[in-house]
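Structural characterization, general
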Amino acid sequence: MNTSRPLILVVDDVTKNIQVLGNFLREEEYDVAVATSGTQALMILENVLPDLILLDIMMPGMDGFETCRRIKALPGARDIPIVFVTAKTDTGDILRGLEMGAVDYITKPFNRLELLARVHVHVELKRSREALAKALFDKDKFFSIIAHDLRGPIGSFMSISEYLSDNLDEVSREDMLPLMQEMRNTGRGVYRLLENLLDWSRIQIGTIAVAMAEVPMADIIDPIAGLLQTQAAQKSITLEFTGDVHIQVHADPQIIGTVLRNLVQNAIKYTPRGGSVIVAANASAGDSTLNISVIDTGVGMSSATVASLFDIAKTKSTPGTEKEKGTGLGLILCKELISLHGGSLHVSSEPGRGSIFSFSLQMV
């Protein structure tokens, strides 16, 4: 079953009705699930949640009204729109169905165009509600990330500055140096966070501009290499750039630079001292793409962690090997920036054996 297409559950005890409805819906590229009784429909809903239910009223045993009532009592299914398909045209029956939670009704014998129009409207309304709910949830999660991950570093920055201000005459140069370094590192961390937050928000509202150009991969790497080498050296980590970096690619240099910066910083964060991080660029002869991989010898991740990396609802940053903090937003940002280039960000990882983050760019 193609889960990207809307799924309609048809509940009817008459085989001919099921066949006709199924044919109409499949012609419009809906997926169709079938139940011949209310009891069977409830069993299906334990495992599958459709986008819409077309429910007959007059069925033996459990009728459509009772089936509707029980569906609306199921936590996972209560928000699925139910449309009664019935030969009953009595106003009282129609009102009863609507009062029980149905969103609409279609009378038999049904008109194909009317049926499909109503199905389309209710499926789109459901998906719009779900998209809005997700957007609101993501917004709340976004703000919680901001609040949580700015509170710590700003609090640390304020504590150090207040301490220095109150004890300036008593603090020696030797004691002041590590405090100033901590303030510098905190400031850099806050700046990187704000950069990611700004880029992510621009993607969400559709204002980020993609300026595609034909550029050597080296021209994307060189502007960020010095910063990344410095960060790697602070943890005694070897950082290498290898492969076909001279090859020209079709990409936005600033966006791909942001992706590489985030991926390498993430690799450094989760690689212990003495480890290595490799940025490899390898040309693919088969499809004219340049495959970019960031390979580390870090702590690695379980398959469950990998599965939740790019879901802002589930993202949860864990401290680095030296208690470095983060938000988890950087990887989500990388995925969305790569998608703007029509590509995907792939992850391969195993606990204790490091991680590989990879994506491809079109070669010129």
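Everything in this summary refers to the structure shown in the same document. (Residues numbered from 1 in each chain as written. Predicted model: local features only at pLDDT ≥ 70, side-chain atom pairs only at ≥ 80, totals over all residues. Heavy atoms only, no water.)

Details of the overall build of the protein
If you tally the helices and strands in the protein, you get ten helices and twelve strands. Taking 2.2 N^0.38 as the reference for a compact globule, 364 residues should give roughly 21 Å; the C-alpha atoms of the protein span a radius of gyration of 28 Å, well beyond that estimate. For the protein, the C-alpha atoms occupy an extent of roughly 90 × 60 × 40 Å along the three principal directions. Here the protein, with 364 residues, has 41% of them falling under the buried criterion. Considering only contacts within the protein whose residues lie at least 6 apart along the sequence, 71% involve residues at least 24 apart. Across the protein, 34 positive and 44 negative side-chain charges occur, with their mean positions spaced 4 Å apart. (Helix = DSSP H or I, 4+ residues; strand = E, 2+ residues; numbered from the N terminus. Rg over C-alpha atoms; globule rule 2.2 N^0.38 Å. Buried < 20%, exposed > 50% of the residue type's maximum accessible area, 1.4 Å probe, protein only. Contact = heavy atoms within 4.5 Å. Lys, Arg positive; Asp, Glu negative; His and termini not counted. Charge placed at Lys NZ, Arg CZ, Asp CG, Glu CD.)

A look at the pairing of strand S10 (residues 289-296)
By the criterion of burial, S10 is predominantly enclosed, with six of the eight residues buried. Pairing geometry for strand S9 (residues 276-284) and S10, over eight bridges, is antiparallel. Its bridge partner being in S10, Asn282 is matched across the sheet by Asn291. Once S9 ends, the chain turns through four residues before running back antiparallel as S10, passing Ser288 with a positive phi of about 55°. Of the pairings in the sheet, the one linking S10 to strand S12 (residues 355-363) comprises seven bridges and is antiparallel in character. (Pairing = 2+ DSSP bridges.)

Looking at the packing of aromatic side chains
Aromatic rings in a pair are described by how distant their centres are and how their planes are angled relative to each other. What the rule picks out here adds up to two aromatic pairs. Arranged with centres 6.3 Å apart and planes meeting at 75°, the rings of Phe24 and Phe110 form a pair that is edge-to-face. Of this pair, Phe24 sits in helix H1 (residues 15-27) while Phe110 sits in the loop between strand S5 (104-107) and helix H5 (112-166), placing them 86 residues apart in sequence. Like Phe110, Phe24 is buried. Arranged with centres 5.7 Å apart and planes meeting at 70°, the rings of Phe65 and Phe84 form a pair that is edge-to-face. Of this pair, Phe65 sits in helix H3 (residues 64-72) while Phe84 sits in strand S4 (residues 82-86); the two residues are 19 residues apart in sequence, bridging distant segments of the chain. One cation-aromatic arrangement involves Arg112 over Phe24; the distance from NZ or CZ to the ring centre is 5.7 Å. (Phe/Tyr/Trp six-rings, centres within 6.5 Å; stacked < 30°, edge-to-face > 60°. Lys NZ or Arg CZ within 6 Å of the ring centre and 35° of its normal.)

A word on a nonpolar patch on the surface
Together, Val210, Met212 and Leu340 make up a nonpolar patch on the protein surface, roughly 200 Å² of accessible area in all. Along the chain, Met212 falls in the loop between helix H6 (173-204) and strand S6 (213-216). (Patch = residues over 30% accessible without salt bridge, like charges linked within 9 Å, V, L, I, M, F, W, Y side chains within 5 Å. Areas by Shrake-Rupley, 256 points an atom, 1.4 Å probe, with all protein chains shown as cover. Salt bridge = Lys/Arg side-chain N within 4 Å of Asp/Glu carboxyl O.)

Topic: the packing of H6 against helix H10 (residues 329-339)
Closest axis-to-axis distance for the H6/H10 pair is 10 Å, and the angle between their directions is 40°. In terms of orientation, H6 and H10 fall into the oblique class. Seen from above, H6 lies across H10 with left-handed handedness. Only Leu329, Gly330, Ile332, Leu333, Glu336 and Leu337 of H10 make contact with H6, whose side of the interface consists of Asn196, Leu197, Asp199, Trp200, Ile203 and Gln204. (Axes fitted to C-alpha atoms, helices over the stretch in contact; angles between N-to-C directions. Parallel < 35°, antiparallel > 145°, perpendicular 65-115°, else oblique. Left-handed = near helix turned anticlockwise from the far one by under 90°.)

Here we look at the environment of Val11
Position of Val11 among the secondary structure elements: in strand S1 (residues 7-11). Ignoring sequence-local partners within four residues, the contact set of Val11 consists of Ala35, Ser37, Gly38, Ala41, Ile53, Leu54, Leu55, Asp56 and Met59.

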